[in-house]
Number of protein chains: 2
Amino acid sequence: MQNTTASAMAAEFETSPERVRRTQDFFSIGDLAKEFDITTRSIRFYEDQGLMSPERRGQTRIYTQKDRVRLKLILRGKRLGFTLAETKTLFDMYDRDGSSVNQLQTMLRLIDDKKLALRQQLEDIKVVLHELTAVESGCLAELSEKTKENP
Amino acid sequence: MQNTTASAMAAEFETSPERVRRTQDFFSIGDLAKEFDITTRSIRFYEDQGLMSPERRGQTRIYTQKDRVRLKLILRGKRLGFTLAETKTLFDMYDRDGSSVNQLQTMLRLIDDKKLALRQQLEDIKVVLHELTAVESGCLAELSEKTKENP
DNA sequence: CATGAAGTTTACGTTAACGTAAAGTTTTAC
DNA sequence: GTAAAACTTTACGTTAACGTAAACTTCATG
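Residues numbered from 1 in each chain as written. Chains lettered and ligands numbered in written order. Predicted model: local features only at pLDDT ≥ 70, side-chain atom pairs only at ≥ 80, totals over all residues. Heavy atoms only, no water.

(A) Structural context of the protein's contact with DNA strand C. Looking at DNA strand C, there are 18 residues lining it, with A:Thr39, A:Ser42, A:Tyr46, B:Arg44 and B:Arg61 nearest. A share of 67% is what sugar and phosphate atoms reach among the atoms of DNA strand C within 4 Å of the protein. B:Ser28 is positioned with one of its side-chain polar atoms (N or O) 3.2 Å from a phosphate oxygen of DNA strand C. Separating a phosphate oxygen of DNA strand C from a side-chain N or O atom of B:Arg61 is a distance of 2.8 Å. At the level of elements, helix H3 (40–48) of chain A together with helix H2 (29–36), helix H3 (40–48) and strand E3 (60–64) of chain B are the ones that each hand at least two residues to the surface near DNA strand C. (Near = heavy atom within 4 Å. Polar contact = N/O pair within 3.5 Å; in protein donor to acceptor, adjacent residues only side chain to side chain. Helix = DSSP H or I, 4+ residues; strand = E, 2+ residues; numbered from the N terminus.)

(B) Expanded view of the pattern of salt bridges. Counted according to the given criterion, the structure contains 17 salt bridges over all chains. One salt bridge in this structure joins A:Lys115 and B:Glu136, with 2.8 Å as the shortest N-O distance. In this pair, A:Lys115 sits in helix H6 (residues 101–149) while B:Glu136 sits in helix H6 (residues 101–149), so the two residues belong to two different chains. Classification of B:Glu136 as buried rests on a relative accessible area of 12%. (Salt bridge = Lys/Arg side-chain N within 4 Å of Asp/Glu carboxyl O. Buried < 20%, exposed > 50% of the residue type's maximum accessible area, 1.4 Å probe, protein only.)

(C) A look at the protein's contact with DNA strand D. The full set close to DNA strand D counts 17 residues, and A:Arg44, A:Arg61, B:Thr39, B:Ser42 and B:Tyr46 are the nearest of them. Note that a phosphate oxygen of DNA strand D is positioned 3.1 Å from one of the backbone N or O atoms of A:Gly30. Within the side chain of B:Thr39, one N or O atom sits 2.7 Å away from a phosphate oxygen of DNA strand D. At the level of secondary structure, the elements contributing two or more residues to the surface near DNA strand D comprise helix H2 (29–36), H3 and strand E2 (60–62) of chain A together with H3 of chain B.

(D) Looking closely at the interface of chain A and chain B. Listed per partner, the contact involves 33 residues of chain A and 33 residues of chain B. Both faces considered, chain A and chain B share a buried interface measuring about 3,200 Å² in area, 78% of it formed by carbon and sulfur atoms. On the surface where chain A and chain B come into contact, there are three salt bridges. Counting every contact that joins chain A to chain B gives five residue pairs in polar contact (both at pLDDT 80 or more). Elements that contribute at least two residues to the side of chain A that touches chain B include exactly helix H4 (65–79) and H6 of chain A. The dominant element in the side of chain A that touches chain B, judged by the number of residues it contributes, is H6(A), at 28 residues. Broken down by class, the residue content of the side of chain A that touches chain B amounts to 17 nonpolar, four polar and twelve charged. (Contact = heavy atoms within 4.5 Å. Buried area = accessible area lost by both parts, 1.4 Å probe. Nonpolar A, V, L, I, M, F, W, Y, C, P; charged D, E, K, R; others polar.)

The quantities given are spatial measurements derived from coordinates; they are silent on function.
Put into structure tokens, the structure is as follows:
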């Protein structure tokens with residue numbers, strides 16, 4: 001009861017015997033938005049930024065499995081802390097150059113940068129947590145002192 | 001030859017017997033900018049946002065040790081991921097009535113919220129670090145495979 | 001005296017990743 | 001057959017923390 005969209009409906013009412021497919025060939029922008037729990041605005045924005053370029057049927061965007069994988073990669077990149085620009089750089093390299101050594105090295109550099117930044121952030125957070133705990137202790141002490149007179 | 005600023009002027013007019021000071025009493029905006037390696041624009045911005053309010057000599061801002069400590073706290077907060085608004089909230093609470101039970105409890109709630117958020121962030125970062133390491137391993141494997149043929 | 005270094009205010013510009021609204025054209029549903 | 005859904009483009013708005021430029025005053029110095 002979760003697929004009430006165009007393509008799903010099409011599959012459900014598909015009557016042609018030789019065309020029964022387990023995997024969808026095409027997706028609407030709404031399909032993808034629903035699947036990945038993002039807005040259509042985001043998907044169009046990614047296209048605007050040159051990260052995707054789906055086919056059109058007239059005005060309407062038609063997404064293939066390849067586009068879907070791209071979107072998935074974009075979102076994974078985001079989860080990993082990559083900017084859209086960084087992800088686009090990787091895509092461009094891949095598009096031009098298959099999976100070149102160059103691209104892999106770029107990827108590794110990016111990953112290393114991220115890891116370094118995250119480790120720094122991790123340390124910072126630990127420090128703050130300790131400091132917060134210290135301040136908290138101070139507050140609690142002061143508070144117990146104050147409620148001593150006023151129980 | 002480095003003190004041609006407000007503090008020098010203050011020293012000049014100093015009549016108290018203990019005239020010789022190891023610590024500066026006053027600072028110019030440039031002094032602080034240099035000391036903390038930030039721009040004067042930033043310092044004025046913090047004032048604009050209500051985090052500081054230095055005295056004036058005419059138009060010119062005159063900063064005291066207390067202002068300097070404030071700035072230091074602002075920057076520490078920033079390093080640790082606090083927004084200026086959050087830092088301001090803490091400042092305001094402290095300025096108003098750092099000793100009232102009510103304020104202390106508010107403070108404790110705020111601290112607790114922050115700690116919770118930071119612990120969550122900590123976990124998130126750890127997860128991403130692991131994922132990054134996994135992706136890195138994949139890249140390295142692919143790379144070693146590619147450079148096998150092309151040493 | 002000129003000049004340049006440091007200070008001031010006002011105010012628009014920047015970045016990232018979309019949100020939101022308007023205004024229009026299909027598509028689908030009942 | 002008509003209303004609702006879904007799609008489209010265009011374009012301005014949002015947030016945080018400043019950057020940058022203009023246009024000015026004050027101060028110190030060679």
